[in-house]
Amino acid sequence: MDFKTIVPGAGGVVALPADALMVLLTGDTLPAGLDAPLAALLAAAVKDGDLSLKAGQQLYAHRVPGVKAARVAFVHAGDGSAKALRKAVLGGAALLKGGGAKNLAVMMADPGVLTEVHAEALVSAIAEAVYVYRQTKPSAPAASRLASVGLVCTKAQSAALGAGLERGQAVAAGVALARECANLPGNHCTPGFLADQARKLGKDHGLKVEVLNRKDCEKLGMGSFLAVAQGSAEPLKFIVARWQGADKSDAPVVLVGKGITFDTGGISIKPAGDMDEMKFDMGGAASVLGTLRAVAQLKAKVNLIGIIPACENMPSSTAVKPGDVVTSMSGQTIEILNTDAEGRLILCDALTYAERFEPAAVVDIATLTGACVVALGHHRSGLFSSDDALATELLAAGEQALDPAWRMPLDEEYDEALKSNFADMGNVGGRAGGAITAAMFLKRFTAKMRWAHLDVAGTAWNSGKAKGATGRPVALLTHFVLARAR
Ligand code: BES
Ligand code: MN
Ligand code: ZN
């Protein structure tokens, strides 16, 4: 789909050659400056009590006299913020869905409020509205006919809003890639599949991609990652993908994504209910691929490296057992008290591997703990970092990208829970503060780097009727990386 800015000519928006027009309203009074046919319709609808000027209110009108676009949707966008715009456009797109519209023009009744962030939010809302998973569902509805979307603005706004649309499209493509990978079931999205996706991304967008196999990981001494993978017949992959957009000497940002393509829990097996959702346990890995795609598409002047340890967590006669002690790549030993706390076991070796790149910052992204879902629900991702400046950057990126996170503590007192009589640490710390003790475990492997951890267990996918991957936190990560490029 194509997005562009539209500066209406003398005929106004009613003369635009679009076949659908979405008018976004703000405030509780009728907007000034709307073209006469739209203003008249809106005034009449409000007077007749068919539309009230409140957030979320909608009105659809067909073949309005004096308006070239056959379909007109009025949607109230609350306070006119980018967040409110996104919500309104999502709602408005549903009004136009199923219709024959190919070219949509979107206008803010008060165009003065539009910023780059609004433009980006528009793209994300449209992309979300038209997304349909169909890879393993031949009966899924046909693709939307929508081919182009124009954002109505003034000449003075056009350049800035155009940049927002461009960034929005890159983020949307990254989000779509992350969603497609994560939505695929575990028998399709295997570690090998993720490696192929990375290789394809490399070919299409100019990334250097390297895939290590079990033997390579053995040579590197990744005893912790190998322990998780040993219960599965599916070969592990350790994926390293590099985007070089800046000088070779520039320290890279490194993203490490948890790539458990299915988490049964292993010998500490999970209950059957909702276990299918553990196909989403590679959501962190998917977000790394999505972010690499977005950053490469924008040709950002930054060096970015994505690292993905990928394997299955299965119970079998070769699986790791509770009480087994393994030696991580860092040399620290780990008593695996619960084989279901496998995410931290694969991430710790990937974090140690990241040291070789002497990163400016390393951020790991993982569907790590059910405890994080209990703490923060499904709206904000959990952010952990001992580095205040890095935490501030990531939080700001999340707010700007409408992909918010919330900072959680990492006081050393929490480390107590990881003590073991048989190894340098245990891999679990009990129920209390489970998201924090998981982060404390990772912290033990990151002393040499500026590090942050995003627990996306509550945000990477939706459950219930709308079950499916969200593509989060690609938007947050892309904003974070782009801010470092400028
Ligand atoms: N992938 C899960 C975390 C998870 C669980 C995410 C449910 C979303 C919903 C992770 O590997 C896991 O199993 N974590 C355990 C850790 C525990 C054994 C300390 C958990 O959260 O129960
Ligand atoms: Mn688990
Ligand atoms: Zn897991």
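This is a predicted model, so every value here is computed, not measured.

Considerations on the overall build of the chain
So, point 1. A tally of helices and strands in the chain yields 13 helices and 20 strands.
So, point 2. Radius of gyration (C-alpha) of the chain: 24 Å, near the 23 Å computed for a compact globule of 486 residues.
So, point 3. In terms of overall dimensions, the chain has a C-alpha envelope of 80 × 50 × 40 Å along the principal axes.
So, point 4. Sorting the 486 residues of the chain into buried and exposed places 55% on the buried side.
So, point 5. Intrachain contacts of the chain at a sequence separation of at least 6 include 77% that bridge at least 24 residues.
So, point 6. Carbon and sulfur atoms make up 53% of the accessible area of the chain, which totals about 19800 Å².
So, point 7. Once the 49 positive and 47 negative side-chain charges of the chain are each reduced to a mean point, those two points are 7 Å apart.

What to know about the sheet that holds strand β12 (residues 324-327)
So, point 1. Pairing is mixed across the open sheet formed by 3 strands, whose spatial order is β12-β13-β17. Either end of the sheet is taken by a strand with one partner, and the two such strands are β12 and β17 (425-426).
So, point 2. With 4 bridges connecting them, β12 and strand β13 (residues 333-336) associate as antiparallel partners. In the sheet register, D324 faces β13, and the bridge partner there is I336.

Observations regarding the site of ligand 1
So, point 1. As a structural note, the neighbourhood of ligand 1 is formed by 16 residues, with D263, K270, D340, E342 and G370 the closest of them.
So, point 2. In the model, an oxygen atom of ligand 1 is placed 2.8 Å from a nitrogen or oxygen of the E342 side chain.
So, point 3. One of the backbone nitrogen or oxygen atoms of L368 is found 3.4 Å away from a nitrogen atom of ligand 1.
So, point 4. Calculation on ligand 1 without its partners gives an accessible area of 510 Å², and the protein chains cover 77% of this total.
So, point 5. Of the pockets mapped on this structure, ligand 1 occupies the second largest pocket.
So, point 6. The class makeup of the residues in the shell around ligand 1 is 5 nonpolar, 4 polar and 7 charged.

Section: empty space enclosed by the protein
So, point 1. Applying the stated criterion across every chain yields a total of 2 cavities of 30 Å³ or more.
So, point 2. The volume enclosed by the largest cavity comes to roughly 50 Å³.
So, point 3. Lining the largest cavity are A178, A182, F280, G283, A286, A460, W461, A469, G471 and R472.
So, point 4. At the level of elements, α4 (155-183) and α8 (283-297) are the ones that each hand at least two residues to the lining of the largest cavity.
So, point 5. By volume, the second largest cavity amounts to about 40 Å³.
So, point 6. In terms of lining, the second largest cavity is formed by A227, V228, Q230, G231, G266, N313, M314, A319, V320 and T339.
So, point 7. Split by residue class, the lining of the second largest cavity holds 5 nonpolar, 5 polar and no charged.

Re the coordination of the manganese ion (ligand 2)
So, point 1. Bound to the manganese ion (ligand 2) are the protein donor atoms D263 (OD), D340 (O), D340 (OD) and E342 (OE), situated 2.0 to 2.2 Å from the metal.
So, point 2. Classification of the site at the manganese ion (ligand 2) as irregular follows from its 6 donor atoms and the range of 71 to 169° in their angles at the metal.
So, point 3. Along the chain, the residues donating to the manganese ion (ligand 2) fall in the pattern D-x76-D-x1-E.
So, point 4. Here the zinc ion (ligand 3) and the manganese ion (ligand 2) are spaced 3.2 Å from one another, each receiving a donor from D263.
So, point 5. By relative accessible area, which is 0% here, E342 ends up buried.

Brief notes about the nonpolar core
So, point 1. Judged by nonpolar contacts, the single largest core of 56 residues is most densely connected at V363 and L454.
So, point 2. For this core, the element with the highest residue contribution is α8, accounting for 7 residues.
So, point 3. Residue contacts for L454: discarding those within four places in its chain leaves V363, D364, I365, A366, S381, G382, L383, A405, P473, L476 and L477.

Here we look at the sheet that holds strand β4 (residues 71-76)
So, point 1. Taken in spatial order, the 6 strands make up an open sheet running β1-β6-β5-β2-β4-β3, and their pairing is mixed. Looking at the sheet topology across the chains shown, the edges are occupied by β1 (2-6) and β3 (58-62). Averaged over all pairs of adjacent strands, the angle between their axes in this sheet comes to 20°, without regard to strand direction.
So, point 2. Most of the contacts of helix α1 (residues 36-47) go to β4, to which it runs at about 55°, and overall it touches β2 (20-25), β3 and β4.
So, point 3. Set on the sheet, helix α3 (residues 116-130) makes contact with β1, β5 (103-108) and β6 (148-152); between it and β6 the angle comes to about 150°.

Regarding the pairing of strand β18 (residues 451-455)
So, point 1. In terms of burial, β18 is largely enclosed, as 5 of its 5 residues are buried.
So, point 2. Where burial is concerned, the two faces of β18 agree: the one with W451, H453 and D455 and the one with A452 and L454 are both buried.
So, point 3. Pairing geometry for strand β14 (residues 361-366) and β18, over 5 bridges, is parallel. In the sheet register, I365 faces β18, and the bridge partner there is L454.
So, point 4. Where strand β15 (residues 381-384) lies against β18, 3 bridges are found, and the strand directions are antiparallel. Bridged to L383 within β18 is L454.

Focus on the layout of surface pockets
So, point 1. If you add up the space inside the largest pocket, you get close to 1200 Å³.
So, point 2. Along the wall of the largest pocket there are 50 residues; nearest its centre are S124, A125, A127, E128 and V175.
So, point 3. For the lining of the largest pocket, the secondary structure elements donating two or more residues are α2 (82-96), α3, α4, α11 (388-400), β19 (461-462) and α13 (474-485).
So, point 4. Here the lining of the largest pocket takes 9 residues from α3, the largest share from any one element.
So, point 5. Residues of the lining of the largest pocket, tallied by class, amount to 25 nonpolar, 14 polar and 11 charged.

Considerations on the coordination of the zinc ion (ligand 3)
So, point 1. Summarising the metal site, the zinc ion (ligand 3) is bound by the protein donors K258 (NZ), D263 (OD), D281 (OD) and E342 (OE), whose distances to it range over 2.0 to 2.4 Å.
So, point 2. Relative to the metal, the 6 donor atoms surrounding the zinc ion (ligand 3) lie at angles of 79 to 175°, and the coordination shape comes out octahedral.
So, point 3. Going along the chain, you hit the donors of the zinc ion (ligand 3) in the pattern K-x4-D-x17-D-x60-E.
So, point 4. Take D263: its relative accessible area is 3%, and that puts it in the buried class.

About the cut-offs
Residues numbered from 1 in each chain as written. Chains lettered and ligands numbered in written order. Predicted model: local features only at pLDDT ≥ 70, side-chain atom pairs only at ≥ 80, totals over all residues. Heavy atoms only, no water. Helix = DSSP H or I, 4+ residues; strand = E, 2+ residues; numbered from the N terminus. Rg over C-alpha atoms; globule rule 2.2 N^0.38 Å. Buried < 20%, exposed > 50% of the residue type's maximum accessible area, 1.4 Å probe, protein only. Contact = heavy atoms within 4.5 Å. Areas by Shrake-Rupley, 256 points an atom, 1.4 Å probe, with all protein chains shown as cover. Lys, Arg positive; Asp, Glu negative; His and termini not counted. Charge placed at Lys NZ, Arg CZ, Asp CG, Glu CD. Pairing = 2+ DSSP bridges. Near = heavy atom within 4 Å. Polar contact = N/O pair within 3.5 Å; in protein donor to acceptor, adjacent residues only side chain to side chain. 1 Å grid on protein atoms, 1.4 Å probe; cavity = no way out; pocket = protein on both sides within 12 Å on 5 of 7 lines; lining within 4 Å. Sits in = over half its atoms within 2 Å of the grid points. Nonpolar A, V, L, I, M, F, W, Y, C, P; charged D, E, K, R; others polar. Points joined across faces, edges and corners; volume = space filled by probe spheres on them. Donors = N, O, S within 2.8 Å, 3.2 Å for Na, K, Ca; no water. Tetrahedral: all angles 85-135°; square planar, octahedral: opposite > 155°, others 65-115°. Core = buried A, V, L, I, M, F, W, Y, C linked by side-chain atoms within 4.5 Å. Axes fitted to C-alpha atoms, helices over the stretch in contact; angles between N-to-C directions.

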